[in-house]
Amino acid sequence: MKRPAAYVGSFIISILLVFALIASFLAITVNSVNADKLVAAADDKGLASMVENELERYFNERKNTTGIPANVYMDSIDEEYLSNIIQFKINSGFSILSGDVGDEFDMSNIELENNISEFFSEYAESIGYEKDNNYDVKLMTAQKSAYTIIEEYCDVYKFGAMERHGVLKKAAPLYQKLSLIIALCIIASAALAIILFVINIKEIKNLAYWIGTSAVVSGAMGAIPCIYLLASDYFSAFTIKQPQIFTAYTTLMKDLTSKFMTFSIASVIIGIVLFIVCAIMSKFIRKSESQTES
């Protein structure tokens, strides 16, 4: 650090290295999210059961408007059926992000359609209503509406809404380049470390100091906000009414925050180790210089 040019150069490069490391942590964290993990999380958190409860509540509330009892729908809906739709919506969302067309999913539930048809038929007979074209239209509308509601409630990560608003289409190019972004961030970090090596080639102990500083600073910048978010249970303050969506998003955000925090803490630890190495090297060099002078 006795050379001003080396010091200034190392200071500037170490700052750039801080941001390169943070970018690497972020890219790797985001890239860790995939369809399989979200499907596993949905199963682990019992989102299908939550959807079933919410659907029952919805159809009960709608009974006064539609006149159709909730059991007409719910008797033909089980967790396995809902779980399959949840899985499809997740896979479909990631297919769009990946640029794939994806497979079509058949939501058909013959028992559900029969239950609705039977209810309409019994009701029409009870009031002497003729089963004309208008009757058929109302029956088909009720069946289609049931499927629409079920699909909406099973879309726990709101991929459908994001697709309709063009969010997935805009995010797709970035998502598809995540691997490249990670590679570029790691290469940039390595290149900056090499530049530090070149600048401090005459005083290698300083290399450990500057890289250690970058590692500690980047780790602290990442870890401190994450620790606050998790310790304060920040994500639980989200105002999302449907419990399956609330659980899906808060679980995802907590998982991403924990992963990013892990990388950040690891960076701090590595930085501290490098500081220790720097201190040992400095002590060894001073001892050698003292022995040489004597």
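Every chain is numbered on its own, with residues counted from 1 as its sequence reads. Per-residue local features are limited, in this predicted model, to residues with pLDDT of at least 70; the limit for side-chain atom pairs, both in listing and counting, is 80 or more; totals at the level of whole chains, interfaces and linings are taken over all residues. Hydrogen atoms and water are omitted, and side-chain values are computed over all heavy atoms in the structure.

### Some points on the packing of aromatic side chains
Right, on to step 1. Within 6.5 Å between ring centres, the rings of Phe, Tyr and Trp (the latter by its six-membered ring) count as paired, and their orientation is classed by plane angle as stacked under 30 degrees, edge-to-face over 60, tilted in between. In total, this model carries 18 aromatic pairs according to the counting rule given.
Right, on to step 2. Where F119 meets F120, the ring centres are 6.2 Å apart and the plane angle is 75°; that geometry is what we call edge-to-face.
Right, on to step 3. Judged by its relative accessible area of 16%, F120 is buried.
Right, on to step 4. Arranged with centres 6.4 Å apart and planes meeting at 85°, the rings of Y234 and F238 form a pair that is edge-to-face.
Right, on to step 5. These aromatic residues form a ring-pair network of at least three members: F94, Y157, F159, Y175 and Y249. Working definition: with a 1.4 Å probe on protein chains only, accessible area under 20% of the residue-type maximum means buried, over 50% means exposed, and in between means partly exposed.

### With respect to the packing of helix α2 (residues 35-44) against helix α5 (residues 79-98)
Right, on to step 1. Only the contacting stretch of a helix is used when fitting its axis, a line to C-alpha atoms as for every element, and angles between N-to-C directions run 0 to 180 degrees. Only DSSP runs of H or I with at least four residues qualify as helices, and only runs of E with at least two residues qualify as strands; both kinds are numbered from the N terminus onward. Where α2 contacts α5, the axes come no closer than 9 Å and their chain directions differ by 155°. Accordingly, the angle class assigned to the pair α2 and α5 is roughly antiparallel. As for the relative orientation of α2 and α5, their crossing is right-handed in sense. Facing A35, L38, V39, A42 and D43 of α2, the residues of α5 in contact are S83, I86, Q87, I90, N91 and F94. An angle counts as roughly parallel when it lies under 35 degrees, as roughly antiparallel when it exceeds 145, as roughly perpendicular when it falls between 65 and 115, and as oblique in every other case. Helix crossings are classified by the rotation of the near helix relative to the far one: an anticlockwise turn of less than a right angle makes the crossing left-handed, while a clockwise turn makes it right-handed. We call two residues contacting when some pair of their heavy atoms lies within 4.5 Å.

### Some points on empty space enclosed by the protein
Right, on to step 1. Residues are said to line a cavity or pocket when one of their atoms sits within 4 Å of a point; the points come from a 1 Å grid over protein atoms alone, cavities being sets where a 1.4 Å probe fits but cannot get out and pockets being open sets with protein on both sides within 12 Å along at least five of seven lines. Grid points are joined across faces, edges and corners, and a volume is the space filled by probe spheres set on the points. Scanning all chains against the criterion turns up two cavities of 30 Å³ or more.
Right, on to step 2. Along the walls of the largest cavity sit V39, A42, D43, A48, S83, I86 and Q87, which together make up its complete lining.
Right, on to step 3. Breaking the lining of the largest cavity down by element, the ones donating at least two residues are α2 and α5.
Right, on to step 4. Residues that form the lining of the largest cavity fall into these classes: four nonpolar, two polar and one charged. By the convention adopted, Pro, Cys, Tyr, Trp, Phe, Met, Ile, Leu, Val and Ala count as nonpolar, Lys, Arg, Asp and Glu as charged, and the other residues, Gly among them, as polar.

### Thoughts on the environment of V268
Right, on to step 1. Note that V268 resides in helix α12 (residues 243-293).
Right, on to step 2. When the C-alpha positions of V268 and A223 are compared, they lie 8.8 Å apart, and in sequence the two are 45 residues distant.
Right, on to step 3. Residues contacting V268, with those up to four places away along its chain left out, are A215, V216, G219 and A220.

### Focus: a nonpolar patch on the surface
Right, on to step 1. Residues qualify for a patch when their relative accessible area is over 30% and they have no salt bridge, like charges being joined within 9 Å and the nonpolar side chains of Val, Leu, Ile, Met, Phe, Trp and Tyr within 5 Å. Using a 1.4 Å probe, accessible areas were evaluated by the Shrake-Rupley method; residue-level cover was limited to the displayed protein chains. Put simply, a salt bridge is a Lys or Arg side-chain nitrogen that is within 4 Å of an Asp or Glu carboxyl oxygen. Side chains of Y7, V8, F11, I12, I15, L16, F19, V217 and M221 sit close together on the surface and give an oily, nonpolar patch of about 810 Å² of accessible area.
Right, on to step 2. When contributions to the nonpolar patch are tallied by element, the ones reaching two or more residues are α1 (4-31) and α11 (204-231).
Right, on to step 3. Top element by residues in the nonpolar patch is α1. It accounts for seven residues.

### With respect to the confidence of the model for the protein chain
Right, on to step 1. Here pLDDT means the predictor's own confidence in every residue, given as a number from 0 to 100. With 95% of its residues at a pLDDT of 70 or more, the protein chain has an overall mean of 91.
Right, on to step 2. By mean pLDDT, α12 is the weakest element of the protein chain at 87, and α2 is the strongest at 96.

### Observations concerning the nonpolar core
Right, on to step 1. Within the largest apolar cluster, 47 residues are counted, with the highest numbers of intra-cluster contacts made by L55, L82, I86, I90, I116, I150 and Y157.
Right, on to step 2. Among the secondary structure elements, those contributing two or more residues to this core are α2, α3 (47-66), α4 (70-74), α5, α6 (110-127), α7 (133-154) and α12.
Right, on to step 3. For this analysis, a nonpolar core means a set of buried residues of the types Ala, Val, Leu, Ile, Met, Phe, Trp, Tyr and Cys, connected via side-chain atoms within 4.5 Å. Listed in part, the 14 residues of the second largest apolar core include V18, L21, F25 and L192.

### Comments concerning the layout of surface pockets
Right, on to step 1. Taken as a whole, the largest pocket encloses approximately 670 Å³ of empty space.
Right, on to step 2. Taken together, 25 residues line the largest pocket, and the ones lying closest to its centre are V30, V33, L252, M253 and L256.
Right, on to step 3. For the lining of the largest pocket, the secondary structure elements donating two or more residues are α1, α5, α8 (159-164), α9 (167-176), α11 and α12.
Right, on to step 4. Ranked by the residues each element gives to the lining of the largest pocket, the list is headed by α12, at six residues.
Right, on to step 5. Of the residues assigned to the lining of the largest pocket, the class counts are 22 nonpolar, three polar and no charged.
Right, on to step 6. By volume, the second largest pocket amounts to about 440 Å³.
Right, on to step 7. Along the wall of the second largest pocket there are 20 residues; nearest its centre are T66, I68, F120, K138 and A142.
Right, on to step 8. The class makeup of the residues in the lining of the second largest pocket is 14 nonpolar, four polar and two charged.

### With respect to a negative patch on the surface
Right, on to step 1. His residues and chain termini do not enter the charge count, which takes Lys and Arg as positive and Asp and Glu as negative. Note that the charge is assigned to NZ on lysines, CZ on arginines, CG on aspartates and CD on glutamates. A contiguous patch of negative charge, built from D75, D78, E79, E80 and E111, is present on the exposed surface.
Right, on to step 2. Mapping E79 onto the fold places it in helix α5.
Right, on to step 3. Here E79 falls in the partly exposed class, since its relative accessible area comes to 40%.

### A few points about the pattern of salt bridges
Right, on to step 1. This model, assessed by the stated rule, comprises six salt bridges.
Right, on to step 2. In this structure, E61 and R57 form a salt bridge, with 2.9 Å as the shortest nitrogen-oxygen distance. Pair noted here: E61 and R57 are both in helix α3, with a separation of four residues, about one helical turn.
Right, on to step 3. In this structure, E125 and K131 form a salt bridge, with 3.8 Å as the shortest nitrogen-oxygen distance.

### Comments concerning unusual backbone geometry
Right, on to step 1. If you check the backbone angles, K158 has positive phi at about 55° while not being a glycine.
Right, on to step 2. Residue placement: K158 occurs in the loop between α7 and α8.
Right, on to step 3. The exposure class of K158 is partly exposed, given its relative accessible area of 22%.
Right, on to step 4. Positive phi is not limited to glycine here, since D233 has a value of about 55°.
Right, on to step 5. Checked against the element boundaries, D233 lands in the loop between α11 and α12.

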